[in-house]
Amino acid sequence: MGTLEYLDAVKKLIGLTSDYQLAKMLDLEPSNITMYRKRRRVMDDYIASRVADLLKIEELELIAQANAEREKNEEKRVYWEAKAKTARENREPLDVLVADACRRKNRLAGLVGTASKPLEL
């Protein structure tokens, strides 16, 4: 699983339809997201931590994944990949987490919508 999949999960979770919206939400220039997509740049630890917070996953998982993608030294890359994998194995798959969060959000939206309607007798 690469860092781009985490970005896509945030888009799905929040209901964003463009990388421009994602960039603005993360306080980035849209060109940063483009660079991530073209694999010319990997998110820094701060952005990785913010994305992890949005997804409600351990920060180390995404920070380690970003470091693995950024690392040129094979030994260090293997180390970071192992850290990311261990963190990933200790949670539900990302698509399940996002789907559950979306269901909860929709359920809450439905409750809020019904609470504002007058009771019919």
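Look above for the structure.
Residues numbered from 1 in each chain as written. Predicted model: local features only at pLDDT ≥ 70, side-chain atom pairs only at ≥ 80, totals over all residues. Heavy atoms only, no water.

**A word on the overall build of the chain**
Moving on, step 1. Counting its secondary structure elements, the chain contains seven helices and zero strands.
Moving on, step 2. Going from N to C terminus, the chain has its helices and strands arranged as α-α-α-α-α-α-α.
Moving on, step 3. Radius of gyration (C-alpha) of the chain: 17 Å, far over the 14 Å computed for a compact globule of 121 residues.
Moving on, step 4. Overall, the chain is about 70 × 35 × 20 Å in size when its C-alpha atoms are taken along their principal axes. (Helix = DSSP H or I, 4+ residues; strand = E, 2+ residues; numbered from the N terminus. Rg over C-alpha atoms; globule rule 2.2 N^0.38 Å.)

**Brief notes about the pattern of salt bridges**
Moving on, step 1. According to the stated counting rule, one finds nine salt bridges in the structure shown.
Moving on, step 2. Its salt-bridge partner being Asp 45, residue Arg 70 comes within 3.9 Å of it at the nearest N-O pair. Here Arg 70, found in helix H5 (residues 59-70), pairs with Asp 45, found in helix H4 (residues 45-55); they are 25 residues apart in sequence, far enough to count as distant.
Moving on, step 3. Looking at Arg 70, the relative accessible area reads 31%, which means it is partly exposed.
Moving on, step 4. Where salt bridges share partners, they join Asp 8, Lys 11, Asp 19 and Arg 37 into one cluster. (Salt bridge = Lys/Arg side-chain N within 4 Å of Asp/Glu carboxyl O. Buried < 20%, exposed > 50% of the residue type's maximum accessible area, 1.4 Å probe, protein only.)

**Focus: helix H6 (residues 74-89)**
Moving on, step 1. Between its terminal C-alpha atoms H6 stretches 22 Å, which fits the 22 Å expected from 16 residues at 1.5 Å a residue.
Moving on, step 2. Of the residues that open H6, the one with a side-chain oxygen 3.0 Å from the backbone nitrogen of Glu 75 is Asn 73. (Expected span 1.5 Å × (residues − 1). Polar contact = N/O pair within 3.5 Å; in protein donor to acceptor, adjacent residues only side chain to side chain.)

**Focus on unusual backbone geometry**
Moving on, step 1. Although it is not a glycine, Asp 27 adopts a positive phi angle of roughly 60°.
Moving on, step 2. For Asp 27, the position within the fold is in the loop between helix H2 (19-25) and helix H3 (30-37).
Moving on, step 3. With relative accessibility at 65%, the residue Asp 27 sits in the exposed group.

**Structural notes on the nonpolar core**
Moving on, step 1. One finds Leu 7, Tyr 36, Met 43, Val 51 and Leu 55 to be the most contacted residues of the largest nonpolar core, which totals 27 residues.
Moving on, step 2. At the level of elements, helix H1 (3-14), H2, H3, H4, H5 and helix H7 (94-115) are the ones that each hand at least two residues to this core.
Moving on, step 3. Ranked by the residues each element gives to this core, the list is headed by H1, at six residues.
Moving on, step 4. The contacts of Val 51, once residues within four sequence positions are left out, are Tyr 6, Leu 7, Val 10, Leu 26 and Leu 62. (Core = buried A, V, L, I, M, F, W, Y, C linked by side-chain atoms within 4.5 Å. Contact = heavy atoms within 4.5 Å.)

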